[in-house]
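Architecture and fold: a report
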Amino acid sequence: MRSIRGLLITMLLLIASSFYLIQLSIDKNKTTNLIVDELPNFPLIKPFEQSKPFNDLFHGNMFDLMDKTIDELEDDLQRKADDVLLSAYGYEWHVYDNDENNYVQVGVDDGIVKTVFATGNELSSEPFTIGTPYEEIEELFPFKDSITYEEGASFYTFILNDSEIQSHPLIKISDDLFIQCYFDTHTEELSSVRLITGEILLRQRFYEMEYRGNLPEEPSYSDEEWEEINKGMEQQIFSISNIYRNRFELKPLIYDENVSDVALLHSKDMVEQQYFSHERPDGTGLKERLSNGDILYLMAGENIAAYHTDAPAAVEGWLNSEGHREALLHKEYTHIGVGVYEFHYTQNFIKKF
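Keep in mind it's a predicted model, so treat the numbers as computed, not measured. (Residues numbered from 1 in each chain as written. Predicted model: local features only at pLDDT ≥ 70, side-chain atom pairs only at ≥ 80, totals over all residues. Heavy atoms only, no water.)

Structural notes on the pattern of salt bridges
What counts, and what does not: For this document, the term salt bridge refers to a Lys or Arg side-chain nitrogen within 4 Å of an Asp or Glu carboxyl oxygen. Secondary structure elements are taken from DSSP: a helix is a run of H or I of four residues or more, a strand is a run of E of two residues or more, and numbering for both begins at the N terminus. Here the term buried applies to any residue with accessible area under 20% of the maximum for its type, exposed to any over 50%, and partly exposed to those in between, with areas from a 1.4 Å probe on protein chains only.
Throughout the structure, instances matching the rule amount to 14 salt bridges. Residue E234 pairs with K231 through a salt bridge whose shortest N-O separation is 3.7 Å. Placement of both E234 and K231 in helix α7 (residues 223-247) is noted, with a separation of three residues, approximately one turn of the helix. A residue is classified by how much of its surface remains accessible, and E234, at 4% relative accessible area, is buried. Classification of K231 by relative accessible area gives partly exposed; the value is 40%. D256 is paired through a salt bridge with K352; the nearest N and O atoms lie 2.8 Å apart. Of the two residues, D256 is situated in the loop between β16 (254-255) and α8 (257-273) and K352 in the segment after β19 (344-351); the sequence distance between them amounts to 96 residues.

Listed below in structure tokens is the structure:
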């Protein structure tokens, strides 16, 4: 039985290598939670004092979706979700991805919208419009290295390092509403946005924490449910990857089931043999894996990542790493396969004959 673990020490491991026509990139991210015996010495971070009324400053469907029921959600969007996928954190993702320009995942917990992840060229929920420069949003919401969420007698202070402040800072909008702004650190522009309640933020352990109180219980899933969760994350990675390729005027990648099988076997092998690399302990690599899968190609590449909290976070991590970015946005690739297993993520890219 797999379970979600609090993971020690924020860590990013980046390795890029190449051989023959195979391009390889690695991304590894771990987060930690620290329990303290006394109340933390961090003041409660108050919501930003807006110069405009809340409803004037924030407008757009993204903010309107929070706290809606499923029926209200479908009425607002005037359609049902394209897919409903189980997350690893006790809620369902209602995914709206039938659009080459926009992509939205709506997290529904006990029938109520508790989180939203959104990206796309035409997404506009001012002032969080995709493509907005980092400095413009920071001017409105000065980014902090510690933000506290209070729930009853419990206090939870999220601690952000410099890298996190640059790539995915956290903004507290109200007592129970936060925004993660994912930035493309190469263009220094807003790449995607995640709205999230304090309780869901605690479940997903995005940042190092100091806290006094109890953390939400980890949900328990069967092997069949974990397979469903992993398949859902593979689908999300595929869709979000094509949204970002479209942003840079690149052709979308075609999903290949056989290549996905190769990617999944590598993610599973890394977990079972306890390594994190493009090469197996026996020295074989992507070239051999594709050959064993009877995959014919002109060129190929691979991105791997481990312990990102979910699929959108993994793709954003790849986007901000030079080696991963090169593979993700390579104009020559035509097909993609994705494999996810126990928070180990593999993307295989190929150019077919």
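A few points about the pairing of strand β7 (residues 112-120)
Inclusion rule: The rule for pairing is simple: two strands pair if DSSP sees at least two bridges between them.
Of all nine residues in β7, seven are buried; the element is thus mostly enclosed. Note: strand β6 (residues 102-109) against β7, eight bridges, orientation antiparallel. From the neighbouring strand, Q105 faces β7, where its bridge partner is F117. Pairing between β7 and strand β14 (residues 189-196): five bridges, direction antiparallel. Within the sheet, the bridge partner assigned to F117 lies in β14 and is R194.

Some words on unusual backbone geometry
The residue E249 is not glycine, and still its phi comes out positive at about 60 degrees. Assessed through its relative accessible area of 75%, E249 is described here as exposed. With phi around 45 degrees, E342 is a residue other than glycine that occupies positive phi space. When you line up the elements, E342 lands in the loop between β18 (335-341) and β19. Residue E342 is classed as partly exposed on the basis of its relative accessible area, which comes to 26%.

Re the sheet that holds strand β5 (residues 92-96)
Note the cut-off: Comment: axis = line fitted to C-alpha atoms, over the contacting stretch for helices; angle = value between 0 and 180 degrees taken between N-to-C directions. By definition, residues are in contact when any of their heavy atoms lie within 4.5 Å.
One open sheet accounts for seven strands, arranged β4-β5-β6-β7-β14-β13-β12; its pairing is antiparallel. Only two strands of the sheet have a single partner each, and these edge strands are β4 (83-86) and β12 (170-174). Put simply, the sheet's adjacent strands are angled 20 degrees from each other on average, direction ignored. Along the sheet, helix α10 (residues 311-319) contacts β6, β7, β13 (177-184) and β14; its crossing angle with β14, the most-contacted strand, is approximately 160 degrees.

Here's the deal with the packing of aromatic side chains
Applied cut-off: Centres within 6.5 Å are what make two rings of Phe, Tyr or Trp a pair, Trp counting through its six-membered ring; a difference in plane orientation under 30 degrees is then read as stacked, over 60 as edge-to-face, and the rest as tilted.
The final tally for this structure, using the stated rule, is 16 aromatic pairs. A centroid spacing of 6.1 Å and a plane angle of 80 degrees characterise the contact between F158 and F178, whose relative ring orientation is edge-to-face. One end of the pair, F158, is in strand β11 (residues 154-159); the other, F178, is in strand β13, and 20 residues separate them in sequence. Summarising the burial analysis for this pair, F158 and F178 share the class buried.

Considering a negative patch on the surface
What counts is decided by this rule: Candidate patch residues must exceed 30% relative accessible area and have no salt bridge, after which like charges are joined if within 9 Å and Val, Leu, Ile, Met, Phe, Trp or Tyr side chains if within 5 Å. Using a 1.4 Å probe, accessible areas were evaluated by the Shrake-Rupley method; residue-level cover was limited to the displayed protein chains. Counted charges follow a simple rule, with Lys and Arg positive, Asp and Glu negative, and His plus the chain ends left uncounted. Every charge is mapped to an atom, namely NZ of Lys, CZ of Arg, CG of Asp or CD of Glu.
Where like charges cluster on the molecular surface, the negative patch consists of E92, D223, E224, E225, E227 and E228. Element by element, the count of residues in the negative patch is highest for α7, at five residues. Mapped onto the elements of the fold, E225 is located in helix α7. Overall, the relative accessible area of 31% leaves E225 in the partly exposed class.

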